[in-house]
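Notes for the structure review
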Amino acid sequence: MSGQNEDRQDQDKLAAAARRHAEEVSPKVAERLRAMRRVAASELEERPVKSVPGWLWPAGVAAAGVALTLALLLGEPDGYAPAPLLLADTDELAVVAELDVLEELEFLAWLEEEGPDDGEG
Amino acid sequence: MNTFLAEVEKRAFNMARFGVRDTEDALDIVQDTMLTLVRRYGRRPRAEWRPLFFRILQSRITDHHRRSTVRRKLFGWIPGGSRDSGTYDDDPVAEVMDPGVADPASRAALDGSAAAMEQAVTALPLRQQQAFLLRTVEGLSVEETAQAMNCSSGSVKTHLSRAHTTLRTKLEDHW
């Protein structure tokens, strides 16, 4: 218990000594710090407050509403056509479908030639 | 803002000087910290300024260390190429503070124990030094210190405990 108290006292002494020392600067450095502080503080005073005027909010909301309405009303422009690539894709699909039909017809013809299944394997 | 900066500027300067071991670099860091605080957080409530200020300061000190380490790695092979004001992790001799680095006027004003304190704090590894200065000297809470150092509260306690042990050992003759 006394060991903990000594530790505590040591830490307090250490902190007090460090705090005293942390405030020590030469007059030259102190002057430069003062100058820096003045520049920084004056910058805050010179900067305008970046707040949006009250009247601008309803105007902004109205403008956004008009833009949205126009976008919905106009929609897609007239004469809209799919891209040529899509047309080409459709043609290819049609050819494939025709091939399937042809294969099916060939299969049916072959089946007819083979005759009815007599069940003898 | 002027009053707040006046309260912290000297401690901030010494914190930076302990960290970077160069008066001019320390002044640059403090100036940059002040301007960043004003420009980014000047309109925030006053109660938020202190933790923000020290967070920016620690970030600048850490950046300075990183740049110095990169410079040392890049130019270390050139004789004298690595001699800058950064840290010297692998050179124990360089861990001893150079008396010529600190401002002669301020050094003359220091008595023996203050000089020993300065030397002991400067020789601490950066993270231990930051934890000690922010928590013990500046009086930030563990959480605020952790925020400023960008680490966990547990790490702060570990760094702080190690710093206290080292400083007690080094400074016991001066008490």
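Structure first, text after, so check above.
Residues numbered from 1 in each chain as written. Chains lettered and ligands numbered in written order. Predicted model: local features only at pLDDT ≥ 70, side-chain atom pairs only at ≥ 80, totals over all residues. Heavy atoms only, no water.

1. Considering the overall build of chain A
Helices and strands together make up the secondary structure of chain A, namely four helices and zero strands. From first element to last, N terminus to C terminus, chain A shows the α and β order α-α-α-α. Taken across its 121 residues, chain A has 14% of its residues classed as buried. Here chain A displays about 10200 Å² of accessible surface, and carbon together with sulfur accounts for 61% of that area. (Helix = DSSP H or I, 4+ residues; strand = E, 2+ residues; numbered from the N terminus. Buried < 20%, exposed > 50% of the residue type's maximum accessible area, 1.4 Å probe, protein only. Areas by Shrake-Rupley, 256 points an atom, 1.4 Å probe, with all protein chains shown as cover.)

2. Notes on the overall build of chain B
Scanning chain B from terminus to terminus reveals eight helices and zero strands. Listing each helix as α and each strand as β along chain B from the N terminus yields α-α-α-α-α-α-α-α. A total of 175 residues make up chain B; the buried ones form 51% of that total. The contacts in chain B between residues at least 6 apart in sequence include a share of 60% that link residues at least 24 apart. (Contact = heavy atoms within 4.5 Å.)

3. Some remarks on the interface of chain A and chain B
Counting from both sides, the interface comprises 28 residues of chain A and, opposite them, 36 residues of chain B. Considering only the surface of chain A that becomes buried against chain B, A:Leu14, A:His21 and A:Arg37 emerge as the three largest contributors, covering 21% of it. Where chain A packs against chain B, one counts four salt bridges. In this structure, B:Glu9 and A:Arg37 form a salt bridge, with 2.8 Å as the shortest nitrogen-oxygen distance. Counting across the interface, chain A meets chain B through nine residue pairs in polar contact (both at pLDDT 80 or more). Of all the elements in the fold, those that place two or more residues in the side of chain A that touches chain B are helix H1 (2-22) and helix H2 (27-46) of chain A. When residues in the side of chain A that touches chain B are grouped by element, the largest group, 11 residues, is from H1(A). Taken together, the residues of the side of chain A that touches chain B sort by class into 14 nonpolar, three polar and 11 charged. (Buried area = accessible area lost by both parts, 1.4 Å probe. Salt bridge = Lys/Arg side-chain N within 4 Å of Asp/Glu carboxyl O. Polar contact = N/O pair within 3.5 Å; in protein donor to acceptor, adjacent residues only side chain to side chain. Nonpolar A, V, L, I, M, F, W, Y, C, P; charged D, E, K, R; others polar.)

4. Quick word on the pattern of salt bridges
Within the structure shown, the criterion is met by 12 salt bridges over all chains. With its nearest N and O atoms 2.9 Å apart, the salt bridge here joins B:Glu48 to B:Arg44. Accessibility expressed as a relative area gives 30% for B:Glu48, which makes it partly exposed. Members of the salt-bridge network, linked through shared partners, are A:Glu23, B:Arg11, B:Arg50 and B:Glu138.

5. Here's the deal with the nonpolar core
The tendency in soluble globular proteins is for nonpolar side chains to be buried side by side. Counting 58 residues, the largest nonpolar core has B:Leu37, B:Phe53, B:Leu57 and B:Phe132 as its most contacted members. In contact with B:Leu57, other than residues within four places in its own chain, are B:Ala12, B:Met15, B:Ala16, B:Ile29, B:Val30 and B:Thr33. (Core = buried A, V, L, I, M, F, W, Y, C linked by side-chain atoms within 4.5 Å.)

6. Concerning the environment of B:Val30
Structurally, the position occupied by B:Val30 is in helix H2 (residues 23-41). Setting aside residues no more than four positions away along its own chain, B:Val30 makes contact with A:Leu33, B:Ala12, B:Phe13, B:Ala16 and B:Leu57.

7. Comments concerning a nonpolar patch on the surface
Taken together, the side chains of A:Leu99, A:Val101, A:Leu102, A:Leu105, A:Phe107, A:Leu108, A:Trp110 and A:Leu111 make up a nonpolar region of the molecular surface, amounting to roughly 790 Å² of accessible area. Structurally, the position occupied by A:Val101 is in helix H4 (residues 84-114). (Patch = residues over 30% accessible without salt bridge, like charges linked within 9 Å, V, L, I, M, F, W, Y side chains within 5 Å.)

8. Some details on the environment of A:Glu23
Looking at the element boundaries, A:Glu23 is found in the loop between H1 and H2. Contact partners of A:Glu23, with chain neighbours within four places excluded, come to B:Lys10, B:Arg11 and B:Asn14. Polar side-chain contacts of A:Glu23 include one of 2.6 Å to the side chain of B:Arg11.

9. Overview of the packing of aromatic side chains
All names here are of chain B. According to the stated counting rule, one finds four aromatic pairs over all chains in the structure shown. With 5.8 Å between their ring centres and 55 degrees between their planes, Phe4 and Trp49 make a pair best called tilted. Residue Phe4 is located in helix H1 (residues 2-20), and its partner Trp49 is located in helix H3 (residues 49-75); the two are separated by 45 residues in the primary sequence. Phe4 gets classed as buried once you look at its relative accessible area, which sits at 2%. Relative to Phe54, the ring of Phe53 lies with its centre 5.3 Å away and its plane at 90 degrees, an arrangement referred to as edge-to-face. Here Phe54 falls in the buried class, since its relative accessible area comes to 0%. An aromatic cluster of three or more residues is present, and its members are Phe4, Trp49, Phe53 and Phe54. (Phe/Tyr/Trp six-rings, centres within 6.5 Å; stacked < 30°, edge-to-face > 60°.)

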